[in-house]
Amino acid sequence: MQKINFGCGLSVVSGWTNFDASPTLRLQRLPVFGRVAQSLTQPIFPIGAVFGDVVRGLPVAASSTDRVYCSHVLEHLALIDFRKALADVLRILKPGGVFRGVLPDLEHEVRMYLANPAQDACSSLMLGTYLGVMERPKGLTGLARSFLGNSHHLWMWDYKGISAELETAGFVGVRRAEYCDSEFDEFNAAEDPSRWSNCLGFECRKPA
């Protein structure tokens with residue numbers, strides 16, 4: 001069984017192929033220079049992390065994968081890139097293969113904002129959702145940190161929105177998911193409860 005975890009960051013899952021598109025990871029995997037890059041860049045990615053960009057296309061054969069998982073990745077993609085990522089996931093999945101993921105829940109964040117009586121509620125929303133920018137990057141160091149990092153959220157989702165996008169992309173059986181509620185044990189073994197609290201989970205599959 002081939003299992004793909006994309007956008008893994010530092011969370012490498014045993015038994016899965018773990019891809020991440022970080023430029024820092026790419027530098028650290030270069031022959032010879034990679035060891036130098038590890039001493040100059042942070043964070044240092046685990047050995048099991050492999051460079052791969054789901055927007056440009058993962059280095060995985062079409063219709064070869066049984067399971068695809070992503071945790072707190074899709075909100076870091078611009079809308080067009082998000083749709084490209086869904087298309088690539090559909091490409092690599094076998095017919096009947098399952099795609100599952102978790103990301104911040106925009107509806108939850110909005111409800112929290114509306115219930116917050118504080119004068120700085122809007123600022124709390126912007127900072128809490130990583131949609132706001134406190135200060136523009138300045139100088140070469142700031143620009144490099146902005147390029148190598150990808151902490152800002154570019155497009156957030158509620159269940160109505162992401163389920164419609166998944167169906168439009170060609171997935172079927174779309175449902176809202178909760179922590180460790182999958183019938184497939186390999187997903188349950190990959191999940192971290194701290195990344196599911198007050199978040200939006202989904203599960204769907206490629207048509208058989």
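Relevant structure appears above.
To keep things clear, this report deals only with the structure shown in the data block. Every residue gets a number counted from 1 within its own chain, in the order that chain's sequence is written. It should be noted that, the model being predicted, local features are given only for residues of pLDDT at least 70 and side-chain atom pairs only at 80 or more, the latter also being counted only at that level, while totals for whole chains, interfaces and linings use all residues. Side-chain descriptors were evaluated using all non-hydrogen atoms of the structure, hydrogens and water having been removed beforehand.

Focus: the pattern of salt bridges
The rule for a salt bridge is simple: a side-chain nitrogen of Lys or Arg has to be within 4 Å of a carboxyl oxygen of Asp or Glu. Taken as a whole, this structure holds 12 salt bridges when the rule is applied. Among the ionic pairs, R56 bridges to D53, the shortest N-O distance being 4.0 Å. Only protein chains enter the accessibility calculation, which uses a 1.4 Å probe; a residue whose area is less than 20% of its type maximum is buried, one above 50% is exposed, and one in between is partly exposed. Using a relative accessible area of 73% as the deciding quantity, one classes R56 as exposed. Here the salt bridges share partners, and the residues they tie into one network are R100, R175, D181, E191 and E203.

Notes on the side chain of E191
In this structure, E191 sits in the loop between helix 8 (185-190) and strand 7 (199-205). Judged by its relative accessible area of 7%, E191 falls in the buried class. The term polar contact refers here to a pair of N or O atoms within 3.5 Å; inside protein, the definition further demands a hydrogen-donor-capable atom paired with an acceptor-capable atom, and it admits residues adjacent in sequence only when both atoms are side-chain atoms. A polar side-chain atom of E191 sits 2.4 Å from a polar atom in the side chain of R100. What E191 contacts, discounting residues up to four positions off in sequence, is Y69, R100, Y179, C180 and W196. Under the scheme used here, helices are H or I runs from DSSP no shorter than 4 residues and strands are E runs no shorter than 2 residues, and both carry numbers assigned from the N terminus. The contact criterion used is simple: two residues touch if any of their non-hydrogen atoms lie within 4.5 Å.

Focus on a nonpolar patch on the surface
Together, V110, Y113 and L114 line one region of the surface with nonpolar side chains, adding up to about 270 Å² of accessible area. Among the secondary structure elements, L114 is positioned in helix 4 (residues 106-114). The exposure class assigned to L114 is exposed, which follows from its relative accessible area of 63%. A patch consists of residues exposed above 30% relative accessible area that lack any salt bridge, with like charges linked at up to 9 Å and nonpolar side chains (Val, Leu, Ile, Met, Phe, Trp, Tyr) linked at up to 5 Å. Residue exposure ignores everything except the shown protein chains as possible cover, and the areas themselves are Shrake-Rupley values with a 1.4 Å probe.

Things to note about the pairing of strand 4 (residues 65-71)
The buried count for strand 4 comes to 7 of 7 residues, which makes it a mostly enclosed element. Bridge count between strand 1 (residues 3-6) and strand 4: 3 bridges; the pairing is parallel. Across the sheet, K3 pairs through a bridge with R67, a residue of strand 4. Assessed by its sense of winding, the connection that carries the chain from strand 4 through helix 3 (residues 79-92) to strand 5 (residues 93-104) is right-handed. At least two DSSP bridges between two strands are required for those strands to pair. Note on handedness: a clockwise path from strand one over the helix to strand two, with the strands aimed away from the viewer, defines a right-handed crossover.

A short note on the sheet that holds strand 3 (residues 49-51)
Read across the sheet, 7 strands follow the order 3-2-1-4-5-7-6 without closing on themselves; strand pairing throughout is mixed. Looking at strand neighbours, the two that pair on one side only are strand 3 and strand 6 (172-177), the edges of this open sheet. Averaged over neighbouring strand pairs, the angle between their axes works out to 20° when direction is ignored. Of the strands in this sheet, strand 5, strand 6 and strand 7 touch helix 7 (residues 159-169), which is tilted by about 160° from strand 6. Lines fitted to C-alpha atoms define the axes, with helix axes restricted to the stretch in contact, and inter-axis angles between N-to-C directions lie between 0 and 180 degrees.

Description of the packing of aromatic side chains
Two aromatic rings, drawn from Phe, Tyr or Trp (for Trp, its six-membered ring), form a pair once their centres lie within 6.5 Å of each other, and the interplanar angle then sorts them: stacked below 30 degrees, edge-to-face above 60, tilted otherwise. On inspection of all chains with the given rule, the structure shows 9 aromatic pairs. When the ring of F99 is compared with that of F171, the centres are 5.6 Å apart and the planes differ by 40°; the resulting orientation is tilted. With F99 in strand 5 and F171 in the loop between helix 7 and strand 6, the pair connects residues that are 72 residues apart, well separated along the chain. The same class applies to F99 and to F171, which are both buried.

A short note on unusual backbone geometry
Of note in the backbone geometry, S63 takes a positive phi value of approximately 55° without being a glycine. If you trace the backbone, S63 turns up in the loop between strand 3 and strand 4. Of note in the backbone geometry, N198 takes a positive phi value of approximately 55° without being a glycine. Turning to its location among the elements, N198 is positioned in the loop between helix 8 and strand 7.

Some remarks on the pairing of strand 2 (residues 17-20)
Here strand 1 pairs with strand 2 via 3 bridges, running parallel. Along strand 2, the bridge assignment pairs I4 with T17. Relative to strand 3, strand 2 runs parallel, the two being bridged by 3 bridges. Its bridge partner lying in strand 3, F19 is registered against V50.

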